[in-house]
Amino acid sequence: MESVDKLREELLAAVEAAGDLDALEQVRVAALGKKGRITDQMKGLGALDPDQRRATGQALNTLKDAVAEALDARKAAMEGAALDARLGEERIDVTLPVRPEETGRIHPISQVIEEIVTVLGDMGFGIAEGPDVEDDWHNFTALNIPADHPARQDHDTFYLPGPDGADAGRLVLRTHTSPVQIRTMQAGPPPYRVIVPGRTYRCDYDATHSPMFHQVEGLLVDEKTHMGHLKGCLEDFCRAFFGIDDLPVRFRPSYFPFTEPSAEVDIGCTREGGELKIGRGGDWLEVLGAGMVNPNVLRNCGVDPEKYQGFAFGMGVERMAMLKYGVPDLRTFYESDLRWLRHYGFASLDMPTLTGGLNR
Ligand code: DAH
């Protein structure tokens with residue numbers, strides 16, 4: 001049998017001498033493992049006489065505990081030191097210059113709505129809003145759109161079934177912003193002078209149509225407004241929006257159920273070698289629908305057409321954006337492609353103003 005005191009000295013010294021966790025594990029196995037020195041001594045107890053066996057047994061147990069404790073303490077110290085070392089290495093240098101951040105961009109649809117609102121807001125129009133989910137009456141009937149009008153067909157319109165799936169009481173995703181004309185007039189007495197930017201929906205999808213798109217509606221009703229005002233307002237609007245002072249603007253007779261007379265508004269352009277350029281030139285490009293509010297529509301809203309009159313107009317935001325900023329395909333507006341946004345988007349503080357400029 002080895003001397004327990006000598007064994008204690010050696011084993012505790014080995015624990016202290018272990019340089020890392022691996023070495024410490026080797027010390028543990030060599031002392032307390034199945035073939036370790038303390039285990040060995042325990043096995044030898046059987047050969048001793050009873051008195052010696054008890055005394056040596058107790059001493060070995062005490063030694064075992066002491067060595068285990070020393071191993072734990074040493075292990076904890078080593079792990080603490082390793083953590084300290086890592087923290088030391090990973091210290092952040094706060095004096096390093098900032099890495100330039102990718103900044104966000106304003107979507108051209110948001111920017112163009114802002115531009116349109118800026119021009120028309122300056123003329124005195126306020127903003128009105130209405131729900132995207134409309135009823136048949138606001139979207140069609142009140143606007144003097146007859147029951148057999150093609151726009152009512154399921155082909156163009158997203159319908160939401162009424163109670164029990166019946167057609168009666170069904171709702172529609174509004175096909176234009178015109179129902180907000182009705183809601184505005186129902187909300188209070190004339191005069192009205194509002195524009196309505198908002199989302200609209202039609203069952204259509206190609207390079208110039210998307211099932212969800214945006215329009216800006218306009219409505220002006222009072223006792224004196226006539227078609228000359230409509231022409232002046234939209235002429236000024238087109239020139240300010242496109243930033244071309246002498247932009248030719250033409251009113252072409254057309255038909256809308258909610259206006260009488262109705263007109264389509266064209267602006268001058270050239271098309272050379274397939275390239276469209278807005279401005280002076282022999283060619284025309286349609287940008288807006290407009291007209292004098294149909295007396296039936298006024299009547300449907302409880303406004304007396306003998307006393308009040310005015311004009312309305314509507315335009316597609318995507319179309320305006322495509323023309324102004326040369327976006328060739330409408331579908332790209334909704335693809336959320338960051339490279340596209342970086343190219344066609346606007347800096348976040350680049351807000352359009354009449355004095356600061358609408359054209360960047
Ligand atoms: N609502 C029409 C459309 O979606 C656009 C429009 C045309 C609106 C003439 C008007 C208007 O207010 O007077 O195609």
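Not measured: the values here are computed from a predicted model.

1. Some words on the pairing of strand β10 (residues 283-293)
Next up, step 1: Buried residues dominate β10, accounting for eight of its eleven residues.
Next up, step 2: Taken together, the nine bridges between strand β8 (residues 259-272) and β10 define a ladder with antiparallel strand orientation. Counted as the bridge partner of Gly268 is Trp284 from β10.
Next up, step 3: Pairing of β10 with strand β11 (residues 309-316), which is carried by four bridges, proceeds in the antiparallel orientation. Each bridged residue has a counterpart across the sheet, and for Gly291 the counterpart in β11 is Ala312.

2. Considering the packing of aromatic side chains
Next up, step 1: Scanning the entire structure with this criterion turns up nine aromatic pairs.
Next up, step 2: Ring centres of Phe256 and Phe258 lie 5.8 Å apart, and the angle between their planes is 20 degrees; this geometry places the pair in the stacked category.
Next up, step 3: Both rings, one in Phe333 and one in Tyr334, keep their centres 6.2 Å apart while their planes meet at 55 degrees; by these two values the pair is tilted.
Next up, step 4: A relative accessible area of 32% places Tyr334 in the partly exposed class.
Next up, step 5: Taken together, the aromatic side chains of Phe333, Tyr334, Trp340 and Tyr344 make up a single cluster linked through ring pairs.
Next up, step 6: Taking NZ or CZ as reference, Arg170 lies 3.6 Å from the ring centre of Tyr159, over its face.
Next up, step 7: Residue placement shows Lys324 over the ring face of Phe241; its charged tip is 4.4 Å from the ring centre.

3. Here we look at the site of the ligand
Next up, step 1: What surrounds the ligand is a group of 15 residues, the closest being His176, Ser178, Arg202, Gln215 and Glu217.
Next up, step 2: In the environment of the ligand, an oxygen atom lies 3.0 Å from a nitrogen or oxygen atom belonging to the side chain of Gln215.
Next up, step 3: The separation between an oxygen atom of the ligand and a polar main-chain atom of Ala312 is 3.2 Å.
Next up, step 4: Protein chains bury 89% of the 350 Å² of accessible surface belonging to the ligand in isolation.

4. Let's talk about the domain arrangement of the chain
The accessible area lost on association of the parts is a frequent measure of interface size.
Next up, step 1: One can read the domain layout of the chain as domain 1 (4-89) and domain 2 (107-344).
Next up, step 2: Computed from C-alpha atoms alone, the centre-to-centre distance between domain 1 and domain 2 is 87 Å.

5. So, the environment of Gly268
Next up, step 1: Within the secondary structure, Gly268 is located in strand β8.
Next up, step 2: A relative accessible area of 0% places Gly268 in the buried class.
Next up, step 3: Spatially, the C-alpha atom of Gly268 lies 33 Å from that of Tyr308, the residues being 40 residues apart in sequence.
Next up, step 4: Look past the residues within four positions of Gly268 in its chain and what remains in contact with it is Leu247, Pro248, Ile278, Gly279, Asp283 and Trp284.

6. Describing the environment of Leu220
Next up, step 1: Mapped onto the secondary structure, Leu220 falls in strand β6 (residues 212-222).
Next up, step 2: Accessibility expressed as a relative area gives 6% for Leu220, which makes it buried.
Next up, step 3: Once the C-alpha coordinates of Leu220 and Arg342 are considered, the two residues, 122 residues apart in sequence, prove to be 37 Å apart.
Next up, step 4: Apart from the residues lying within four places of it in its own chain, the contact partners of Leu220 are Phe125, Tyr192, Arg193, Thr225, Gln309, Gly310 and Phe311.

7. Here's the deal with the packing of helix α5 (residues 108-122) against helix α8 (residues 227-242)
Next up, step 1: Two numbers describe how α5 lies on α8: the axes approach to 10 Å, and their chain directions differ by 135 degrees. The angle between α5 and α8 places the two elements in the oblique class. The way α5 lies across α8 gives a crossing that is right-handed. For the pair α5 and α8, contact is made by Val112, Glu115, Ile116, Val119 and Leu120 and by Phe237, Ala240 and Phe241, respectively.
Next up, step 2: Its residues assigned to classes, the contact of α5 with α8 shows seven nonpolar, no polar and one charged.

Reading the values: the criteria
- Residues numbered from 1 in each chain as written.
- Predicted model: local features only at pLDDT ≥ 70, side-chain atom pairs only at ≥ 80, totals over all residues.
- Heavy atoms only, no water.
- Buried < 20%, exposed > 50% of the residue type's maximum accessible area, 1.4 Å probe, protein only.
- Helix = DSSP H or I, 4+ residues; strand = E, 2+ residues; numbered from the N terminus.
- Pairing = 2+ DSSP bridges.
- Phe/Tyr/Trp six-rings, centres within 6.5 Å; stacked < 30°, edge-to-face > 60°.
- Lys NZ or Arg CZ within 6 Å of the ring centre and 35° of its normal.
- Near = heavy atom within 4 Å.
- Polar contact = N/O pair within 3.5 Å; in protein donor to acceptor, adjacent residues only side chain to side chain.
- Areas by Shrake-Rupley, 256 points an atom, 1.4 Å probe, with all protein chains shown as cover.
- Domains from an automatic or database assignment.
- Contact = heavy atoms within 4.5 Å.
- Axes fitted to C-alpha atoms, helices over the stretch in contact; angles between N-to-C directions.
- Parallel < 35°, antiparallel > 145°, perpendicular 65-115°, else oblique.
- Left-handed = near helix turned anticlockwise from the far one by under 90°.
- Nonpolar A, V, L, I, M, F, W, Y, C, P; charged D, E, K, R; others polar.

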